[in-house]
Amino acid sequence: MTLMGYRLRPLPRAALVGLTLALLVVAWWLAPHLGAIGAARFMQFASVLLGLGAGFTVSRDIDPEPVLASAPHPYWRTPAVRAALWLLGSGAVIVLIGAIIGARVVRPLPVDHMTELAIANLVFVAGLVFLSSLPWGSLLGGAVALGGIGACAILQRLWAYWPLRVIDDADASRVEHPRVWLWGTGAACLVAGLLYLRGRGLRLGHLLTSRKPSRSRAI
Amino acid sequence: VTLTLLELRRLAQSPILWGGVVLVTAGTLPDVMAFWPMLEGNDLIAHDSSLWFMAVAALAAGWLGLRDRRTGTEPLVSVTPADAAARIVPARIAALVAASLAAFAVVFGAVLAVTAARGGVGAPDPRLYLDGALLVALGGGVGYGLGYLTGSRTVCLFAAPTLPAFNQFLLSVAFSHAATGPTVDWGWLLPSVWEPQRSVVLGFLPDIWTGHIAWLGALVTLVCGGISLVAARRAGARRTMSVSLAVLAFGVLLGTISSAWLMSRPRGVAVFGPDTVREFHEGDDFDYRALSRLARQVGPWPNDGRARTCAIESGFEVCVYPEFGSTFAHQTALEYAHQARFLRGLDDFPSRARMVPAYWGADACTSEELLYFEHRNDPIIHAYDVPLMGCVWAATHEGEGARQAVTTWLFAEAHPEKRLELASGRMAPFGGPAVARAGLALAAMPVEDVRTLLARVWDELERGSLRLSALPGGRE
């Protein structure tokens, strides 16, 4: 537990917890005003926002290099634990948002289906931002991930067979199993990020660095 | 000024801003291509893109707001003489506003350039550019404020997508209230609003743009003035504080006047005739039956001579507003000529169509004209949304499936190349897959056989009593 505490210590917990609480409150307030499309959009938006939070589980902004230079380098296990916890927590928040919307909407909605899609979105966005935060830091990496999501949204409008449908429009989609694509891409990005970290340690943003930290010094 | 220019030059090199320009322009182009090219119409599409560009501006500005902290120059800035430190923030804000205006001009100009290249005519409304640019500047101001005041990357990143998304959710709240009764007057006060209905003849219904520009200007002034005031207070620069307070006071005054004006605007305006207009302020104003009665009393839109760009095709004449262009008139005439040819002998159809404003009309036809309400859909589709048969079929919702199957047949006969798209579902059918199947089954038959079939059931079609299942391939 102590080790876990140290691993989670640098995270911007206040902002991340504040975000989830704000989402729950807004879901409670908005739910009666949302129709089927509005509710689905809100859950997709919440999943994108929570997915972006994964950018703060790994980057040089969170684990500053000057500190790490003289300390044991946290290895891939630290961001892996953080990202896993963030995904679990965010998934729970999305399920909770779905429950709130289901309980407060005027007309019954397919909340289970919407939750399933939102969780697939969460994994995809989290994977994307996790990978992009490695070289560019949390903010720029998040901007790149947002750009990627925007590009996906454009491509899915232009091509009905585009598989990564973050803002899913079921009528326009010709893709079979879109959730599998989102899960797969998100997981692949997360694994790629962790493999990169395993090879280099957390010397983020210094892609040209040649020094490989010793495995024995890892937390 | 030198400092502002310096910051502006740095912002002009921002990859976030340029990436955003490319992405937002690319995201807007499918909408631009989906409608008939008109400068007076696509300006609204360009305006709508400002909502998403707002997120880009917020990100770029948040990055700027964090610069001193990122680069470790915060201690250096804090020990510079008070006046100099207090000038840095206003200079950055001024550069930010200028960069927002310029970057949105690129997006707006690109959309209009594509429209013009596709043959679009008319005059864009410059107020829409200003409104969109101020929205982008507001996003930039809020992003910079969050970066500068909180120093948090987390807040800056989360704020960027939240600004436009929250605006949209608030819009849905405003409109859901309006639909269910209680008065919600703040709908027009949101930074980005659902655009009011627009007609090239009647303008915006209601026209809120001047007031909305003033309101956004007030918000930008308040945000920028507030940040400057905090910066000046931190640096202890009294002169900058005084100027910031004056700016804030101006913002409050402008905001009060413009918000009061916007709140007095109706939520919607329905035009029934040149002299009959109704404003909707509350959901209760929208009594559909009473309004339909009024529309019947007023009658069809009179010929005011404004639809003067005409084209004749196979004896069918179409007159549209000049803003739509002669190609539009020609294409529409071609579509109606197709319909008239296939329906000849089945009934008495008009041989002329005249464009009327997008108004509330009970009748789509006069005794000799089809009234073609202005719409920016491609005539290939729109002429089948308002088909010739509408002039002779009784107005009823019964038997819609069978009627739409006949429309689909006409469409498939006029555009054989679209049959595959209709069959595969790549093209949205006029009334669902079952209707598309029935229409395509008719299209597979010889034309004369279909005409014989239609002649036999025409009375039922006219009354609306024919079921889709009575047509070949029409399983409901």
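What comes next is a walk through the structure. (Residues numbered from 1 in each chain as written. Chains lettered and ligands numbered in written order. Predicted model: local features only at pLDDT ≥ 70, side-chain atom pairs only at ≥ 80, totals over all residues. Heavy atoms only, no water.)

## Description of the overall build of chain A
Step number 1: On a plain count of helices and strands, chain A comes out with seven helices and zero strands.
Step number 2: Starting at the N terminus, the α and β elements of chain A follow one another as α-α-α-α-α-α-α.
Step number 3: Per-residue burial for chain A yields a buried fraction of 51% across its 219 residues.
Step number 4: For chain A, the exposed area adds up to about 10100 Å²; of that, 68% sits on carbon and sulfur atoms. (Helix = DSSP H or I, 4+ residues; strand = E, 2+ residues; numbered from the N terminus. Buried < 20%, exposed > 50% of the residue type's maximum accessible area, 1.4 Å probe, protein only. Areas by Shrake-Rupley, 256 points an atom, 1.4 Å probe, with all protein chains shown as cover.)

## Notes on unusual backbone geometry
Residue and element names in this part refer to chain B.
Step number 1: In the segment running from leucine 205 into proline 206, the intervening peptide bond is cis, with an omega of -5°.
Step number 2: The backbone of serine 314 sits at a positive phi, close to 50°, despite the residue not being glycine.
Step number 3: Structurally, serine 314 can be placed in the loop between β5 (309–313) and β6 (316–320).

## Here's the deal with the state of the cysteines
All names here are of chain B.
Step number 1: Enumeration according to the criterion identifies two disulfides over all chains in this entry.
Step number 2: One disulfide in the model links cysteine 365 with cysteine 391; its S-S distance is 1.7 Å. Linking cysteine 365 and cysteine 391, the disulfide has an S-S dihedral of approximately -80° and is accordingly described as left-handed. Here cysteine 365, found in the loop between β7 (352–356) and β8 (370–373), pairs with cysteine 391, found in the loop between α14 (379–385) and α15 (400–414); they are 26 residues apart in sequence, far enough to count as distant.
Step number 3: For chain B, the bonded cysteines pair up as 1-2, 3-4 when numbered in the order they occur along the sequence.
Step number 4: Here cysteine 156 stays free of any disulfide, with the sulfur of cysteine 224 as its closest cysteine sulfur at 15 Å. (Disulfide = S-S within 2.5 Å.)

## Some remarks on empty space enclosed by the protein
Residues and elements named next belong to chain B.
Step number 1: Going through the model one piece at a time under the given rule, you end up with two cavities of 30 Å³ or more.
Step number 2: In this structure, the largest cavity encloses a volume near 40 Å³.
Step number 3: Lining of the largest cavity is provided by Leu11, Leu17, Ala57, Ala60, Ala61, Leu96, Ala99 and Ser100.
Step number 4: Listing elements by their share of the lining of the largest cavity, those giving two or more residues are α4 (50–65) and α7 (82–117).
Step number 5: Split by residue class, the lining of the largest cavity holds seven nonpolar, one polar and no charged. (1 Å grid on protein atoms, 1.4 Å probe; cavity = no way out; pocket = protein on both sides within 12 Å on 5 of 7 lines; lining within 4 Å. Points joined across faces, edges and corners; volume = space filled by probe spheres on them. Nonpolar A, V, L, I, M, F, W, Y, C, P; charged D, E, K, R; others polar.)

## Observations concerning the layout of surface pockets
Over the atoms a probe the size of a water molecule is rolled, and this reveals where empty space is left.
Residue and element names in this part refer to chain B.
Step number 1: Counted as a void, the second largest pocket has a volume near 1400 Å³.
Step number 2: Around the second largest pocket, the lining is made up of 33 residues, and of these Gly361, Ala362, Ala364, Gly390 and Ala395 lie nearest the centre.
Step number 3: Put simply, the parts of the chain that give the lining of the second largest pocket at least two residues each are α12 (288–298), β8, α14 and α15.
Step number 4: Partitioning the lining of the second largest pocket into residue classes produces 21 nonpolar, seven polar and five charged.

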